[in-house]
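Structure at a glance
Listed below, chain by chain, are the residues.
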Amino acid sequence: MTVPKGKVIPTPYGDMNALVLEQLRESYDTGDVLEMIEQLDTIRVRLEGVNGIRDDLIALHAMSHTVINGARLAVPPQETALWEAAEELVSEFSDFSRLFSEFSERLRPLSELMPLDNND
């Protein structure tokens, strides 16, 4: 079935661009969204968990506050140097950034369901 460009079709979740909807029905795997949820759950655990990223940032702040601002020791000295702790977080945030960029690209086809103005 060929759908004219700009045709809009109503769905329970709003009006959709009929041509894009037809294309997605042939090519889009909605299981990708479930996979993203699983990946996000892994990140959420790392963010919220005991010794998670929040705790790592608190420790990094305390260490840098001591070294840079001359504050008293707020956390005991650790085996990991300040710069190593920072580098680990930089690396982890870079990984998250790449993953979220990938999420964006995987969801973009769904955003293209937005109906076109019939005057286009």
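What you are looking at is a predicted structure, and each value in this text was computed from that prediction instead of being measured.

**Some words on the overall build of the chain**
- Each helix and strand counted, the chain has four helices and two strands in total.
- N-terminal to C-terminal, the α/β element order of the chain is β-β-α-α-α-α.
- Here the chain has a C-alpha radius of gyration of 23 Å; the compact-globule value for 120 residues is 14 Å, and the former is much larger.
- In terms of overall dimensions, the chain has C-alpha extents of about 70 × 30 × 20 Å along its principal axes.
- Expressed as a percentage of its 120 residues, the buried residues of the chain come to 22%.
- By sequence separation, contacts in the chain at least 24 residues apart represent 58% of the contacts at least 6 residues apart.
- When the accessible surface of the chain is totalled, it reaches about 9100 Å², and 57% of it is carbon and sulfur.

**Quick notes on helix α3 (residues 53–69)**
- For α3, which comprises 17 residues, the first-to-last C-alpha distance of 23 Å matches the rise-based estimate of 24 Å (1.5 Å per residue) to within 8%.
- Along α3, the residues that are buried comprise I53, A59, L60, A62, M63, S64 and T66.
- The inward-facing, buried residues of α3 contact α2 (31–48) and α4 (82–111).
- Within two residues after α3, G70 carries a phi angle of roughly 75°, on the positive side.

**A short note on the side chain of T66**
- Along the chain, the position of T66 falls in helix α3.
- There is a polar contact of 3.1 Å between the side chain of T66 and the backbone oxygen of R72.

**Here's the deal with the pattern of salt bridges**
- Within the structure shown, the criterion is met by nine salt bridges.
- The closest approach of N and O atoms between D56 and R46, which form a salt bridge, is 2.6 Å. Separated by ten residues along the polypeptide, D56 in helix α3 and R46 in helix α2 bring together distant segments of the chain.
- Overall, D56 belongs to the partly exposed group, its relative accessible area being 27%.
- Of the residues examined, R46 reaches a relative accessible area of 23% and is grouped as partly exposed.
- Its salt-bridge partner being R108, residue E105 comes within 3.0 Å of it at the nearest N-O pair. You can see E105 and its partner R108 sitting in helix α4, three residues apart, about one turn around the helix.
- The class of R108 is partly exposed, set by a relative accessible area of 37%.
- Connected via shared salt-bridge partners are D32, E35, E102 and R106.

Conventions adopted
Residues numbered from 1 in each chain as written. Predicted model: local features only at pLDDT ≥ 70, side-chain atom pairs only at ≥ 80, totals over all residues. Heavy atoms only, no water. Helix = DSSP H or I, 4+ residues; strand = E, 2+ residues; numbered from the N terminus. Rg over C-alpha atoms; globule rule 2.2 N^0.38 Å. Buried < 20%, exposed > 50% of the residue type's maximum accessible area, 1.4 Å probe, protein only. Contact = heavy atoms within 4.5 Å. Areas by Shrake-Rupley, 256 points an atom, 1.4 Å probe, with all protein chains shown as cover. Expected span 1.5 Å × (residues − 1). Polar contact = N/O pair within 3.5 Å; in protein donor to acceptor, adjacent residues only side chain to side chain. Salt bridge = Lys/Arg side-chain N within 4 Å of Asp/Glu carboxyl O.

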